[in-house]
Structure formats: C-alpha cells, structure tokens
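As a plain string of letters, each chain reads:
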Amino acid sequence: MAKLDLNRVPMPRQIPKISGKNFNEVALGYSLEQAQEEASRCILCPRRPCVGGCPVEIDIPGFIQAIRDGDMPEAVRILKNKNALPGICGRVCPQETQCEVVCVLDKKGAPIAIGRLERFVADWERANMPSANSSPVSPRPTGKRVAVVGSGPAGLTAAADLAKLGHSVTIFEALHVAGGVLMYGIPEFRLPEEIVQAEVDYVASLGVKIELDSVVGKLMTIDELLGNGYDAVFLGTGAGLPMFMNIPGENLNGIYSANEFLTRVNLMKAYQFSEYDTPVKVGKRVAVIGGGNVAMDSARCALRLGADEVYIVYRRSEAEMSARREEVENAQEEGIQFKLLTNPKQFLGDEQNQVVGMECYEMELGEPDESGRRRPVVKAGSEFVIEVDVVVVALGTTPNPLIAQTTHGLETTRRGTVVADEEVGKTMKGKVWAGGDIVTGAATVISAMGAGKHAAADINKYLGG
Amino acid sequence: MPGIHLFKVAAPSVAKKARPGQFVVVRIDETGERIPLTIADWDEKEGSVTIVFMEVGTTTARLALLGEGDSMANFVGPLGLPTHIERFGTVVCVAGGVGVAPIAPIARELKEAGNKIISILGARSQNLLFWEDKLRSVSDQLIVTTDDGSYGRKGLVTEPLKELLASGEKIAQVVAIGPSIMMKFCAETTQPFGVKTMVSLNSIMVDGTGMCGCCRISVGGLTKFACVDGPDFDGHQVDWDLLIARQRIYLDEEKRSFEQWRGQSGSCA
Ligand SMILES: Cc1cc2nc3c(=O)[nH]c(=O)nc-3n(C[C@H](O)[C@H](O)[C@H](O)COP(=O)(O)OP(=O)(O)OC[C@H]3O[C@@H](n4cnc5c(N)ncnc54)[C@H](O)[C@@H]3O)c2cc1C
Ligand code: FES
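Remember, it's a predicted structure, so these values are computed and weren't measured experimentally.

S.K.: Is there a simple way to explain the overall build of chain B in this structure?
M.R.: Counting its secondary structure elements, chain B contains 9 helices and 14 strands. Scaling as 2.2 N^0.38, a compact globule of 269 residues should have a C-alpha radius of gyration of about 18 Å, and chain B matches this with 18 Å. Taken along its principal axes, the extent of the C-alpha atoms in chain B is 55 × 40 × 40 Å. Burial status across chain B gives 57% buried among its 269 residues.

S.K.: Explain the side chain of E334(A) to me, please; I cannot follow it from the model alone.
M.R.: Tracing the sequence through the fold places E334(A) in helix α15 (residues 325-334). When neighbours within four sequence positions are excluded, E334(A) is seen to be in contact with P16(A), S19(A), G20(A), V26(A), R300(A), L303(A) and R304(A).

S.K.: How should I be thinking about the confidence of the model for chain B in this particular structure?
M.R.: Atom-level detail of predicted coordinates should not be read off regions where pLDDT is low. Residue-level pLDDT values for chain B average 92, and 98% of them are 70 or greater. Taken over the whole predicted complex, pTM reads 0.93, whereas the ipTM for its chain interfaces reads 0.92.

S.K.: Can you walk me through helix α5 (residues 158-166) of chain B in this structure?
M.R.: Note that an α-helix has 3.6 residues per turn; residues three or four places apart therefore point the same way. All names here are of chain B. For α5, the complete set of buried residues consists of T158, P160, L161, L164 and L165. With its buried residues spanning 165° around the axis, α5 presents them on a single face. Structurally, α5 contributes buried residues whose contacts are with β6 (90-96), β7 (116-123), β8 (141-146), β9 (153-154), β10 (173-177) and α6 (180-190). One or two residues past the end of α5 sits G168, with phi positive at roughly 100°.

S.K.: For this particular structure, what's the right way to read the interface of chain B and chain A?
M.R.: Interface extent is often summarised as the accessible area lost during association of the parts. Each side of the interface is counted separately: chain B has 45 residues, and chain A has 39 residues. For the chain B face of the interface with chain A, the top three residues by lost area are M211(B), R216(B) and Y250(B), together amounting to 20%. Between the two partners, chain B and chain A, sit 3 salt bridges. Note that E253(B) and K281(A) form a salt bridge whose closest N and O atoms lie 3.0 Å from each other. Between chain B and chain A we count 21 residue pairs in polar contact (both at pLDDT 80 or more) in total. Among the residues forming the side of chain B that touches chain A, the class breakdown is 18 nonpolar, 16 polar and 11 charged.

S.K.: In this structure, what is going on with the packing of helix α2 (residues 32-39) of chain A against helix α4 (residues 60-69) of chain A? I would like to understand it.
M.R.: Axes are the key here: two packed helices are described by the angle between their axes and the distance separating the axes. All names here are of chain A. Direction vectors running N to C along α2 and α4 enclose 125°, while the axes themselves pass 9 Å from each other. Taken together, the axes of α2 and α4 are oblique relative to one another. Crossing handedness for the pair α2 and α4: left-handed. For the pair formed by α2 and α4, the contact residues are A35, Q36 and A39 on the first element and I64, I67 and R68 on the second.

S.K.: Help me understand the site of ligand 1 in this model?
M.R.: All names here are of chain A. Around ligand 1, the structure places 35 residues, and the nearest of them are V92, A154, E173, R190 and D437. In this structure, an oxygen atom belonging to ligand 1 sits 3.2 Å away from a main-chain N or O atom of P153. V181 is positioned such that a nitrogen or oxygen atom in its backbone is 3.0 Å from an oxygen atom of ligand 1. For ligand 1, whose unbound accessible area comes to 1,000 Å², protein coverage reaches 94%. Going through the elements one at a time, α9 (153-164), α14 (293-304), α16 (402-406) and α18 (445-462) are the ones with two or more residues in the shell around ligand 1. Considering each element in turn, the shell around ligand 1 owes the most residues, 3 residues, to α14. Residue composition of the shell around ligand 1, by class: 19 nonpolar, 12 polar and 4 charged.

S.K.: Could you clarify how one ought to interpret the sheet that holds strand β4 (residues 232-235) of chain A in this entry?
M.R.: Adjacent strands of a sheet pair through backbone hydrogen bonds, lying either parallel or antiparallel. Residue and element names in this part refer to chain A. Read across the open sheet, the 5 strands follow the order β3-β2-β1-β4-β16; overall the sheet is parallel. Both outer strands of the open sheet, β3 (209-211) and β16 (432-434), are each paired with one neighbouring strand and no more. With strand direction ignored, the average angle separating the axes of adjacent strands in the sheet is 20°. Sitting on the sheet, α9 is in contact with β1 (145-149), β2 (168-172) and β4, with an inclination near 165° to β2.

S.K.: Which parts of the structure should I look at to understand α15(A)?
M.R.: Residues and elements named next belong to chain A. When we look at burial in α15, the residues that qualify are E327, V328, N330, A331 and E334. Down the axis, α15 shows its buried residues gathered within 160° of arc, on one side only. The first or second residue beyond α15 is G335, which carries a positive phi of 105°.

S.K.: Where do I start with the pairing of strand β10 (residues 342-349) of chain A in this structure?
M.R.: Side-chain positions along a regular strand alternate between the two faces of the sheet. Residue and element names in this part refer to chain A. As judged from the 7 bridges shared by β10 and strand β11 (residues 355-368), these two strands associate in the antiparallel manner. Of the residues in β11, the one forming a bridge with F347 is M358. Linking β10 back to β11 in an antiparallel pair, the connection comprises 5 residues, with N353 at a positive phi of about 70°.

S.K.: I'm lost on the sheet that holds strand β1 (residues 4-10) of chain B in this one. Help?
M.R.: Residues and elements named next belong to chain B. The 5 strands are arranged β1-β4-β3-β2-β5 in an open sheet whose pairing can be described as antiparallel. The open sheet has two edge strands, β1 and β5 (74-79), and neither has a second partner. Strand-to-strand twist across the sheet, computed as the mean angle between neighbouring axes with direction ignored, equals 35°. Looking at chain direction, strand β2 (residues 23-27) and β5 are connected through 4 bridges and run antiparallel. Of the residues in β5, the one forming a bridge with F23 is L79. Packing against the sheet, helix α3 (residues 100-112) makes contact with β3 (35-43) and β4 (48-54), and its axis sits at approximately 45° to β3.

Conventions used here
- Starting afresh in each chain, residues are numbered from 1 along the sequence in its written order.
- Labels follow written order: the first chain is A, the first ligand is 1, and so on.
- With the structure being a predicted model, the display of local features is reserved for residues of pLDDT at least 70 and the display and counting of side-chain atom pairs for 80 or more, all residues being used for whole-chain, interface and lining totals.
- Side-chain measures were taken over the full set of non-hydrogen atoms in the model, leaving aside hydrogen atoms and water.
- Counting from the N terminus, the helices are the DSSP runs of H or I reaching at least four residues and the strands are the DSSP runs of E reaching at least two.
- Here the radius of gyration uses the C-alpha set of atoms, whereas the globule reference equals 2.2 Å times the residue count to the power 0.38.
- Exposure categories follow from relative accessible area, calculated using a 1.4 Å probe and restricted to protein chains: below 20% of the type maximum is buried, above 50% is exposed, and the middle band is partly exposed.
- Throughout, a contact is declared for two residues whenever any of their heavy atoms are within 4.5 Å.
- The quantity called pLDDT is the predictor's confidence in a given residue, expressed from 0 to 100.
- This arc is taken over the directions from the axis of the helix to the C-beta atoms.
- Accessible-area loss on putting two parts together, using a 1.4 Å probe and summing over both, is the definition of buried area adopted here.
- Basic side-chain nitrogens of Lys or Arg form a salt bridge, by our definition, when they fall within 4 Å of a carboxyl oxygen of Asp or Glu.
- Under the rule applied, a polar contact is a pair of N or O atoms within 3.5 Å (in protein, one hydrogen donor and one hydrogen acceptor; residues adjacent in sequence only if both atoms are side-chain atoms).
- Note that Gly is not counted as nonpolar here; it falls among the polar residues with everything else outside the nonpolar set of Ala, Val, Leu, Ile, Met, Phe, Trp, Tyr, Cys and Pro and the charged set of Asp, Glu, Lys and Arg.
- Every angle, taken between N-to-C directions, lies between 0 and 180 degrees, and every axis is a line fitted to C-alpha atoms, over only the stretch in contact when it is a helix.
- Roughly parallel here means an angle under 35 degrees, roughly antiparallel means over 145, roughly perpendicular means 65 to 115, and every remaining angle is called oblique.
- In a left-handed crossing the near helix is turned counterclockwise from the far helix by less than a right angle, and in a right-handed crossing that turn is clockwise.
- Think of it this way: one heavy atom of a residue within 4 Å of a molecule or strand is enough to make that residue near it.
- Residue-level accessible areas treat just the shown protein chains as cover; the underlying method is Shrake-Rupley with a 1.4 Å probe.
- Pairs of strands are assigned from DSSP output, requiring at least two bridges between the strands.

In structure tokens, the structure reads:
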C-alpha cells in the first residue's frame, strides 16, 4: 500500500478579498482529478466508522471506492440511495462533527474530505446525468395520499421517500418557493439557489406535487387535510419564528431579525435592488448579534452588500461559537471583525427612529451552564457604545405557533417544539408525524433529513407498505 | 378614480377561507416584492377575492397596470386574525380613504351579528370616495366627510366621531381603518370617552406569517407582529409614532425604485 497521505487535497476557492465582494459561491469544488486524488487517501478500513457518523448512513466508503474506480454513475447511485439532497449536504453539513471526526485518519492527520467528495459527486451528476436518467422507475401506486407541510430538507426528504414507495404526496409550502431555509436563509455564496432548485426538481420528478403559497393553518388546517382524503400528514415546518432580545430600542428602524435580513437578501434578492423591487438597509457599519451559522451568513451578506465594517457581537468567546469552524474562518478571512465577550444592553436611536448605536457590556466567562459552555457574566461598569447603522439579531428561532394553534391534539413543549417520538417522529395526534427543526428546534439540514427519512418509513408502515 | 384600483382576483381556495379583517400577500412577478393588501370582499361561489389599493409606489403602480385576464405570480392568504365579530350594541365604523374597502365586510358582518352600525366615511375629496352605497347598505346611518368640502360634510372623520360620542348615545365600540395618522387621531378622539377602538394596522411586511418580524409594532408596551397577532389591535394601546416611523424605513429606496421604474417603463403613472 502506498504511504498514507495525511493532508487533504485543498479545494479551490475564491480568494477572500474578492469573495467578500460578490454573491458567487466561495468554495469552487474539486475537479475529477482532485476528487480521485482525495478519494485515494481513503484506506477503506473495514470498520467504516464514517457510516455510523452519518445521520442518514450513507455508504461512504462505497461511493469513495466508486470515485476511485472512475465509475461516477455508481457513485451517484450509492449516494442517492440514502440521500436525496447530496449537493446540499456536501456543502452545508457539519461533516467535521459527524462523518469526518470519526475517520481513522483523523488521529494521524486530516480526515478524508467526505463532504467535498459528496459535493463533487452531486455536482458531477448535475452536469453529466440529465435528471430523467437518475429518476428511478415509477413504483406501483398504493392509492394512499400523504400531505407534507413545509418544503425544507425534512419535508423534501419525507416526500421523496414516500413517493418512491408509491404513495401520492403533496407538499404544502407557505412561501413562493420550495426549499425552506435552504432557499430563504442560507446565502447564495454558500449554497447556490440553482443547487437547491435542482434538488427540489428531483423531488418533483418523483411525482410529488408542490403547492406553493399555501399557509397551512390559514388556507386549510391539518384536520381539514385529514378530512379531505389525506391518509397521513408529515409536519416539516421548521423553526421559523425569530427571537429578539427584549431590550430597549429593539424596534428601531435598521434592526432586523436574521430571518428578515436573509429573506430580503436571498429570497427576495435585495442584493440586486433596482432589478428586484425588495429593498434592504445596509449602511456603513453593521453589527450582527450571535455566534452561529446564521450570524456568520448575515455578516458575510452585509459585507457583500457593501458595508465598510461588519462586526460579529457575541457574548461568549470564540471557542463557544456554535457556527461551523469553517464558517468562522471564512468570515474572519473576509474581514468581519469579531467583538467577543460583548453583549448589547440597549439600542440607541435618533429622532427618525433610526438605530445609530448599541450600548454593550463587556462580559467574562464564569462557571459552565446547562449547555456545558461557560456562562457569560456582565462585567460591572463596563458599558460602552458601538456606532452602527444596521443591526442583525441572529439569536435563534423557535417553531412558528401557527400549526400548533390550529391543530387539535398536537402537543408542544414549553419551547414551542412539537412533541414527537424520537425515532420515527410520530406525534401525539393520530395520523400526524413531524420532524426537523419543528421537533428539535433549530438544528441542521442533515438531522432534518434524517427525521424526514425515519418518519417516511414509519408512515409507510402505517399505510400498510 | 385617480390612483385607486379595485381588482377581483380568482383565488377559490382563499375565497373559501376569507374572513373580515384578514389580508393577502401578493407578488406581481419574479422581480416583485411581497406586499400585504387587505381583503375587501370575497365570493366563495365565484371563487374570487376583491382587493383595493392605492398607487403609492413601484409595486402598486406596477400592479395597477394589470388588466382583466392578467395574473400575478403569488397571492397568499387569508392571513392575519379575523376581526372579532360579536353583538356589542352600537358600533361606529370609521373609514378613511381606501379604508372603506376593508371596513365594508366588517360592517356587514357586525350588522349581521345584530349590531347597530353608524358609519363615517371620509376622503380628501369627492373624487376619492368610493363604495359609499356599499357601506350605506350595511349601515343604519352613514356620515360622509371630505377634507375639502367637495361632498358631504367638510372636515375630518374625527369631528362627527366626537359628536357621536358626546351625543349621549351608548357606543359600544369603534372600528377605525384608514391611514395610520387617521387611525391615531380616531383613537385619541375616543380615548377620553373610554370607548374601545379597534384599528387595523398596515405595517410593512415580507412573509405575513410571523417569520421575519419586519411588521413588529408595540402594543401596550409589548412587541407584537402585526401579521400574526393582528392586524387588528386596540388603538388606545398602539405606539403610533413607532408604527408611523417604521412605515417610513424604505422611503428613500421606494423613491429611487419608483423613479427608475418610471424612467424604464416610460409611463407617467
Ligand atoms: C442562515 C442559516 C444558515 C444555516 N446554516 C446551516 C449549515 O451550514 N448547516 C446545517 O446543517 N444547517 C444549517 N442551518 C440550519 C438548517 O437550515 C435547518 O436546520 C434546516 O433547514 C431545518 O429543516 P426543516 O425542514 O426542519 O425546516 P425549514 O428548512 O425551516 O423548512 C420549513 C418550511 O416550512 C414552511 N412552513 C412553515 N410554516 C408553514 C405552514 N404553516 N404552512 C406551510 N408551510 C410552512 C416554511 O416556509 C419552510 O419552507 C442554517 C439555518 C439558517 C437559518
Ligand atoms: S411580515 Fe414577517 S413576521 Fe410579520
């Protein structure tokens, strides 16, 4: 066997000075040669820990072997067997805490770049296999109808799996496009719309009907769906309700929730204002409050919209940030300034109700809290003011209460999440399953997909499949 | 009528569920923005929903160019909580400008619920008045005002409102819908009389489903989302200055976009 190569093949990417100024994808993806070179680092160990690390149990060594053999259609087949949305997962999954962290090479050097390889296979398929070829043969119709509410990764995955089993599936989506957070939240430079659209089209090609502009709870209730011929319902409505801080001045002009800011920029294309009609404010100085992926995405959008200075304001230290390491690095390289151990006390406005400043406390880390991270505590008398033109509050989201309020017998927790069986997503209400952020609170794309998958299998069992 | 348009939109599923006080979010086409418009009427049998709007910017001006048989990209609804309808007694419905459109179905249902309806319909001038007959048909009494005196009584809607309140007739509730400033003054007029005054707030919205917080307002000192907690609120509790300031966030952008659109379309809307 050849000597172990402990370094990954680097992925080509835009240089930060340039990437910070455009909305094009930052990471550019491997070429076939690069992918094969990276794949050849895999020692194809018999224990296959990576498969166990993957929430949807992709046969990772299997598709890596196929890449090595140059048999790309086989790589596609293996990947799609477990994951209907590989182009998305290859880009946004936290592989560093899932499949890659358990790779045996991780102990000696860099683990196999599984995410990059997954992305490569998905992109190869899009470029080389017209969608007709990759759609499986139509299954025999079961005559059962399933309504899927929400078209994020949980809903798309559940819908795809149920359609492949022969059930007639309709997705109801509140917004004017399908894709959920993948479309309205995660920006173009990290996950191009075209990729998400291709995956949505794939799901539609399986025979899934997608009804847009349909707010369930308003246009129809879950009980009405069940009364109108649907045999089962899957709820994948995510965690779409933005949290604010409840501190003085929060309703000043120029203060956005991350959901609003990202929706304006990504979904409504405010970054092409004048061609598109939806505006967004940016100004010279933008402060983004929070330390997760959503905060990093908001900050990098603000930078691309032309802000001179963009700050991440976070009350703990960098080590506690929940954002992926890679996203933090991307943000830093592009010039985002990190104001750590800093927490807003109040927002200051002018007579036009426009935010002009943010009074903050300095924080220090105390004892660990229930999340295991050290609790930030206010340093007495440490208040100082940061001048800002725009503030984006990226402190998390909870499920929108609309569905729970309009559905009899659906139990929710204090956090507003829907109570559902951890394994299969069955809720307390008959014929209704749920999965993704609506059950877990804001989490990850892949966990939402895993939940959609498990629920689809259980729904199929219930429907007599 | 100058700048005011009425559309009947084929939207059977929305028509089936619409209730007074609710609204829709529309987007004209791929490049359009999402704007909320109150539902003015609906016909379940015909499968239609009526919207009324005034041309105030790019989106409404572009919308105004649509004609019979044209379609818009998106029409989402019915959104928001319906107006609370109950037998209160005597209800005064105050409509300012295009506010007559949303108030008409509310007055109708309040009337059907057994209330005595006194309506006040106001506009800047006679040529901006519409649906007078429609409102009259569901009112026990109708007072019309124009700012310039070109029709009906000269003056603002708050004047007859104040007289009614002072007249000694027991008024159980006031419903006021129109421009924010008019609703604010109606609420100020009724406050000393202690008569509950419901208003329908038209904050800027994006999704209209509680997802963005763009529509947030302050009511009784608490932040509310107009799209899901409203649009109806107790006018005495609303922080009007905040609402009005937040409605002006994009004035510059709206102006720029409108001028550019006018330049491109070559029209002189
Ligand atoms: C900015 C941002 C960046 C992120 N980055 C990452 C990342 O890098 N990696 C990662 O793994 N995860 C990331 N996440 C988290 C991830 O996107 C979510 O965990 C995942 O999308 C949840 O999927 P879901 O299907 O449960 O819900 P969602 O994706 O939220 O989809 C829910 C859908 O349901 C629709 N809906 C809601 N209510 C109704 C209703 N009443 N009727 C009809 N439709 C309704 C919504 O419009 C939406 O389309 C990010 C999230 C955000 C916001
Ligand atoms: S319009 Fe987005 S939350 Fe109300």
